[in-house]
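Chain by chain, the residues:
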Amino acid sequence: MIRLSGVGKTYDDGTVAVRELDLDVRRGELVCLVGPSGCGKSTTLKMINRLIEPTSGRIEIDGQDITGEDPVRLRRNIGYVIQEVGLFPHQKILANVMTVPLLHGESKATARERALELLELVGLDPARYADRYPHQLSGGQQQRVGVARALAARPPVLLMDEPFGAVDPLVRLRLQDEFLRLQAELGVTVVFVTHDIDEAVRLGDRVAVFAAGGRLAQYDTPARLLGRPADDFVADFVGSTTGLRRLQVIPLDPAHLEPLDGVSVGDLGAAIDIDTTLGEALTVLLRDDRGMVAVKRDAQFVGVLTPNGVHRALRAALAEMATVS
Ligand SMILES: Nc1ncnc2c1ncn2[C@@H]1O[C@H](COP(=O)(O)OP(=O)(O)O)[C@@H](O)[C@H]1O
Ligand SMILES: [Mg+2]
């Protein structure tokens with residue numbers, strides 16, 4: 001869907017922001033660009049929508065070289081969400097979200113309908129929020145409006161630059177969850193910039209780790225990134241608490257569940273899906289007074305997860321890491 005080949009950016013003052021970058025993003029994929037400040041993440045993102053022109057290389061979207069395309073037309077198909085949100089302060093929330101469809105020549109009625117639908121999708125009840133002004137919303141709510149506005153034109157591609165960076169950690173977790181659900185639902189292809197490795201491995205189908213000087217150090221799935229860092233820089237960046245972080249990427253495994261024998265389904269309460277990560281399963285387990293959680297696959301119960309099972313799963317994951325490092 002998006003392909004960067006040998007893309008580089010050297011600013012006029014000689015700063016090499018991005019170096020010989022090869023990166024491909026598949027349709028419907030959510031790719032995170034992560035790395036310390038100044039390593040070229042924002043520059044890379046802005047080259048995809050031509051807010052910045054590369055000094056070398058080639059960028060294709062759907063096989064089309066975009067360097068020759070009219071930037072204004074290009075940006076119609078690329079949503080852009082930044083941390084500073086950039087809502088129009090003197091326009092109500094509904095008008096803010098309607099802006100982009102109106103710019104694209106949609107009728108007022110269509111733009112309005114789409115804006116209402118998107119406010120709903122990002123979890124802001126239109127009846128309550130449509131007629132408010134941006135300053136009457138919390139930071140997290142304003143960020144949701146920013147996402148709704150970017151999606152209102154139904155762009156196939158969405159670029160996001162530290163969109164949740166300014167909200168507190170709990171709100172951020174909620175925004176991340178909501179965004180994952182929304183992205184899966186809409187099937188939009190996303191390139192998401194963050195300096196937070198936890199956010200990157202939580203959200204990304206694949207994660208690109210950048211090092212100083214705009215070097216791509218590793219581009220991999222979260223599990224492989226944490227399990228097999230390509231070099232010392234990546235190992236350091238993903239941190240020494242890898243075991244715990246891996247909880248967020250280790251899937252549940254039927255081998256770590258207890259059989260259902262002697263337990264009646266009625267006793268089990270809430271059930272989690274076998275596709276859940278160990279981290280999420282642990283969260284549910286901690287809320288359960290009986291210390292066990294039913295696990296299902298396609299509405300079929302496959303077993304129960306207990307603290308013993310979590311222990312076994314963690315040990316297995318650590319053993320696997322030891323064999324690959
Ligand atoms: N307009 C500019 N002119 C010169 N240098 C710039 C400009 N914009 C960014 N840079 C430099 O390019 C490097 C990469 O910046 P940026 O892509 O914003 O990094 P990140 O988003 O990873 O923090 C940094 O060293 C930054 O100072
Ligand atoms: Mg940046």
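Counting of residues starts from 1 at the beginning of each chain's written sequence and follows it residue by residue. Ligands are numbered from 1 and chains lettered from A, in the order in which they are written. Only residues with pLDDT of 70 or above have their local features reported here, since the model is predicted, and side-chain atom pairs are shown and tallied only from 80 upward, although totals for entire chains, interfaces and linings are computed over all residues. To get the side-chain values, all heavy atoms of the structure are used, and hydrogens and water are removed first.

### Here's the deal with the overall build of the chain
Next, step 1: Put simply, DSSP H or I for four residues or longer makes a helix, DSSP E for two residues or longer makes a strand, and each gets a number counted from the N terminus. Tallying secondary structure elements over the chain gives 13 helices and 13 strands in all.
Next, step 2: With the radius of gyration taken over C-alpha atoms, the globule rule is written as 2.2 Å times the number of residues to the power 0.38. Here the C-alpha radius of gyration of the chain, 22 Å, is about what a compact globule of 325 residues would show, namely 20 Å.
Next, step 3: Taken along its principal axes, the extent of the C-alpha atoms in the chain is 65 × 50 × 35 Å.
Next, step 4: Burial classification: accessible surface area is computed with a 1.4 Å probe over protein chains only, and a residue below 20% of its type maximum counts as buried, one above 50% as exposed, and the rest as partly exposed. Relative to its 325 residues, the chain shows a buried fraction of 48%.
Next, step 5: Taking contacts inside the chain between residues at least 6 apart in sequence as the whole, the part at least 24 apart equals 64%.
Next, step 6: Separation between the mean location of the 37 positive side-chain charges and that of the 44 negative ones in the chain comes to 3 Å. Should any heavy atoms of two residues lie within 4.5 Å, those residues are counted as being in contact. Positive charges are assigned to Lys and Arg, negative charges to Asp and Glu, while His and the chain termini are left out of the count. A charge is said to be at NZ when it belongs to Lys, at CZ for Arg, at CG for Asp and at CD for Glu.

### A short note on the nonpolar core
Next, step 1: In this text, buried Ala, Val, Leu, Ile, Met, Phe, Trp, Tyr and Cys residues form a nonpolar core when linked through side-chain atoms within 4.5 Å. Counting 51 residues, the largest nonpolar core has Val147, Leu158, Met160, Phe164, Phe179, Val190 and Phe192 as its most contacted members.
Next, step 2: Residue contacts for phenylalanine 192: discarding those within four places in its chain leaves Leu30, Val31, Cys32, Leu33, Met160, Pro163, Phe164, Glu199 and Leu203.
Next, step 3: In this structure, Leu45, Ile66, Leu159 and Val193 belong to the second largest nonpolar core, which totals 28 residues.

### Focus: the packing of helix H6 (residues 139-151) against helix H7 (residues 169-186)
Next, step 1: Contact pair H6 / H7: the axes reach a minimum separation of 11 Å and the direction vectors enclose 15 degrees. Viewed along their axes, H6 and H7 adopt a mutual orientation that is roughly parallel. As H6 runs across H7, the sense of the crossing is right-handed. Two secondary-structure elements touch here, H6 through Gly140, Gln143, Arg144, Val147 and Leu151 and H7 through Val171, Arg174, Leu175, Glu178, Phe179, Leu182 and Leu186.
Next, step 2: Each residue gets one label: Ala, Val, Leu, Ile, Met, Phe, Trp, Tyr, Cys and Pro are nonpolar, Asp, Glu, Lys and Arg are charged, and the others, such as Gly, are polar. Within the contact of H6 with H7, the residues separate by chemical class into 7 nonpolar, 2 polar and 3 charged. Working convention: axes come from line fits to C-alpha atoms, limited for helices to the stretch in contact. Angles between N-to-C directions cover 0 to 180 degrees. Working definition: roughly parallel below 35 degrees, roughly antiparallel above 145 degrees, roughly perpendicular at 65 to 115 degrees, and oblique for all remaining angles. The sense of a crossing depends on the near helix, which, turned anticlockwise from the far helix by less than a right angle, makes the crossing left-handed and, turned clockwise, makes it right-handed.

### Regarding the packing of aromatic side chains
Next, step 1: Centre distance within 6.5 Å is the pairing criterion for rings of Phe, Tyr and Trp, where only the six-membered ring of Trp is used; planes under 30 degrees apart are then read as stacked, over 60 as edge-to-face, and the remainder as tilted. The tally for this structure, following the rule as stated, stands at 4 aromatic pairs.
Next, step 2: Each residue in the set Phe164, Phe179 and Phe192 is aromatic and connected to the rest through ring pairs, giving one cluster.
Next, step 3: Only when the NZ of Lys or the CZ of Arg is both within 6 Å of the ring centre and within 35 degrees of the ring normal is a charge said to sit over the ring. A cation sits over an aromatic face here: arginine 149 above phenylalanine 88, 5.3 Å from the ring centre.

### Details of the sheet that holds strand E3 (residues 30-34)
Next, step 1: Overall, mixed pairing links the 6 strands, which are arranged E6-E7-E8-E3-E9-E10 in an open sheet. Strands with a single pairing partner mark the edges of an open sheet, and in this sheet they are strand E6 (78-82) and strand E10 (215-220). Neighbour-to-neighbour, the strand axes of this sheet turn through a mean angle of 15 degrees, independent of strand direction.
Next, step 2: At least two DSSP bridges between two strands are required for those strands to pair. The pairing of strand E7 (residues 157-161) with strand E8 (residues 189-194) spans 5 bridges and is classified as parallel. Considered in E8, the bridge of leucine 159 is made with valine 191.

### Considering the pairing of E10
Next, step 1: Sheet topology note: the strand E9 (residues 206-211)/E10 ladder contains 5 bridges and is antiparallel. Considered in E10, the bridge of alanine 208 is made with tyrosine 219.
Next, step 2: What sits between E9 and E10 in their antiparallel hairpin is a turn of 3 residues, with glycine 213 showing a positive phi close to 80 degrees.

### Re the site of ligand 1
Next, step 1: Distances are taken per atom, and a residue is near a molecule or strand as soon as one of its heavy atoms is within 4 Å of it. Looking at ligand 1, the residues that line it are Tyr11, Asp13, Thr15, Ala17, Ser37, Gly38, Cys39, Gly40, Lys41, Ser42 and Thr43.
Next, step 2: Any N or O atom pair separated by 3.5 Å or less is treated as a polar contact, with the protein-specific requirement of one donor-capable and one acceptor-capable atom, and with residues adjacent in sequence counted only for side-chain atom pairs. Contact between ligand 1 and tyrosine 11: a nitrogen atom at 3.4 Å from a side-chain N or O atom of the residue.
Next, step 3: In the environment of ligand 1, an oxygen atom lies 2.5 Å from a nitrogen or oxygen atom belonging to the side chain of threonine 43.
Next, step 4: If one sorts the elements of the shell around ligand 1 by residue count, helix H1 (residues 41-48) sits on top with 3 residues.
Next, step 5: Here the shell around ligand 1 is built from residues that sort into 3 nonpolar, 6 polar and 2 charged.

### Re the domain arrangement of the chain
Next, step 1: Split by domain assignment, the chain resolves into domain 1 (2-245) and domain 2 (254-322).
Next, step 2: The C-alpha centroid of domain 2 is placed 33 Å from the C-alpha centroid of domain 1. Domain borders in the structure are assigned automatically or taken from a domain database.

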